[in-house]
Every structure is written in structure tokens, then in C-alpha cells.
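Residues per chain are reported as follows:
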Amino acid sequence: LGPGRGVGAEARALGLAAVAAMRATVLDADALTSFADAPEALFEGIDAAKGRVVLTPHTGEFRRLFPKIAETWAADPTLSKVHAARQAADLSGAVVLLKGPDTVIASPGGRASIHAAVYDRAAPWLATAGAGDVLAGLITGLAARGYPLHTAAENGAWLHVEAALAFGPGLIAEDLPEMVPCVFRDMGL
């Protein structure tokens, strides 16, 4: 929930209703930005949903949703992106996927994974409008198939980069879903 939804009270209400449904929920983009003025309301809803939520912020959305953590992270060069994502996961009660070439996936309690799209796995063309929305959709699809949320986020991040690498430079977000079957075929699935 979130990509292209619009920001505001209606998006907040829809986000809280989705979380309250007690099903795996992925919140991205406008759904995150809609809670910038009241992240505690979202975190209370996530707590009541018993952690069935993934938040997928890029750095700007992270700053809006977790301003104190982001401020501490920016001010202290000894703190890593992993540290910030872990703190956010503990505060929110959600799996937090903090996007970037060094995507960090953190769960409450300290579990963290890094998906590094660097060196021979670099896909800078993923920095295009809508690519993060596709990532949220991949995670949602994996969660709907029954994957635990942390695993769905890990696998979604990997699949996202594999699809981008399969397409290559010049990619637009709409190309990513078309490449997923190619990735599966290359895997022998």
C-alpha cells in the first residue's frame, strides 16, 4: 500500500485499516509519507498487528518516519545504516527495508540482513521513478505466498536487482516485472 496512493488523512486511514486486518502488509511511498507528522499512530497499529508489517523507506522517507533515529545516525559517524534500520525496526515493530545500493533489512529484536547491489551486482539504473514501488510489490507477492516477512523482504530485494541486471541500463520501472520470469527461467524454476 502506498505507491501512487497520495498523501494525507485518507492514506493514513487506509494504512491503519490495512495493518489492523492482521494480514501481512507492506507499506511504501505515500503510505509512509502520510505518517510523517504522526509516526506513533502507525507504530501503535503495527504493535497491535503483532508485527505483520514491512516498511520500505528510502533515506528521505526514513528521515520523515524516524526523525530522531535519522538525526542520530547523521550526527554520529560510528553508527551504520544497519544500526539505524535495527533501531527503526525495534521502534516501529515492523520489518524495515531501508533501500539503497546497500539495502538493509531489519526485524525487531536485532535480526538484520544486507543486500548489496555493488561491484558486479551494481544496478544503478534501479534509481528510477517507480522501481521502489515494484520492490514493494515483489515483497507483497512473496509474503502472500507465505514467506516470513523478513525472508520475503530479503528475497524481494535480491529478485529486484536480478530483474534489473537481466534488463540492463535504460530500464524503467515497468520493465522490472517483465524480467522476473526470465530470472526464474535462468534459475531453472
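What counts and how
Residue positions are given per chain, counting from 1 as you read along its sequence in written order. Local features are withheld for residues below a pLDDT of 70 in this predicted model, meaning they are given only at 70 or higher, and side-chain atom pairs are given and counted only at 80 or more; totals for whole chains, interfaces and linings count all residues. To get the side-chain values, take all heavy atoms of the structure and skip hydrogens and water. Working definition: helices are DSSP H or I runs of at least four residues, strands are E runs of at least two. Numbering for both runs from the N terminus. Each radius of gyration is computed over the set of C-alpha atoms, and the globule rule expresses the reference value as 2.2 Å times the number of residues to the power 0.38. Here, two residues are considered to be in contact whenever any of their heavy atoms come within 4.5 Å of each other. Accessible surface area values rest on a Shrake-Rupley calculation with a 1.4 Å probe, where residue burial reflects the displayed protein chains alone. Here, a salt bridge means any side-chain nitrogen of Lys or Arg that lies within 4 Å of a carboxyl oxygen of Asp or Glu. The buried label goes to any residue with under 20% of its type's maximum accessible area, the exposed label to any with over 50%, and the partly exposed label to all in between, with areas taken from a 1.4 Å probe on protein chains only.

## Some words on the overall build of the chain
Scanning the chain for helices and strands turns up nine helices and five strands. Across the chain, helices and strands are ordered from the amino to the carboxyl terminus as α-β-α-α-β-α-α-α-β-β-β-α-α-α. At 16 Å, the chain has a C-alpha radius of gyration in line with the 16 Å of a compact globule built from 189 residues. For the chain, the spread of C-alpha atoms along the three principal axes comes to 45 × 40 × 30 Å. The contacts in the chain between residues at least 6 apart in sequence include a share of 57% that link residues at least 24 apart. Only carbon and sulfur atoms are counted for the fraction: they give 57% of the accessible area of the chain, which is about 9200 Å².

## A look at the pattern of salt bridges
This structure, assessed with the given rule, holds five salt bridges. Note that glutamate 10 and arginine 5 form a salt bridge whose closest N and O atoms lie 2.6 Å from each other. Taking relative accessible area as the criterion, glutamate 10 reaches 56% and is therefore assigned exposed. Glutamate 162 is paired through a salt bridge with arginine 121; the nearest N and O atoms lie 2.2 Å apart. With glutamate 162 in helix H8 (residues 149-167) and arginine 121 in the loop between strand S5 (112-116) and helix H7 (131-144), the pair connects residues that are 41 residues apart, well separated along the chain.

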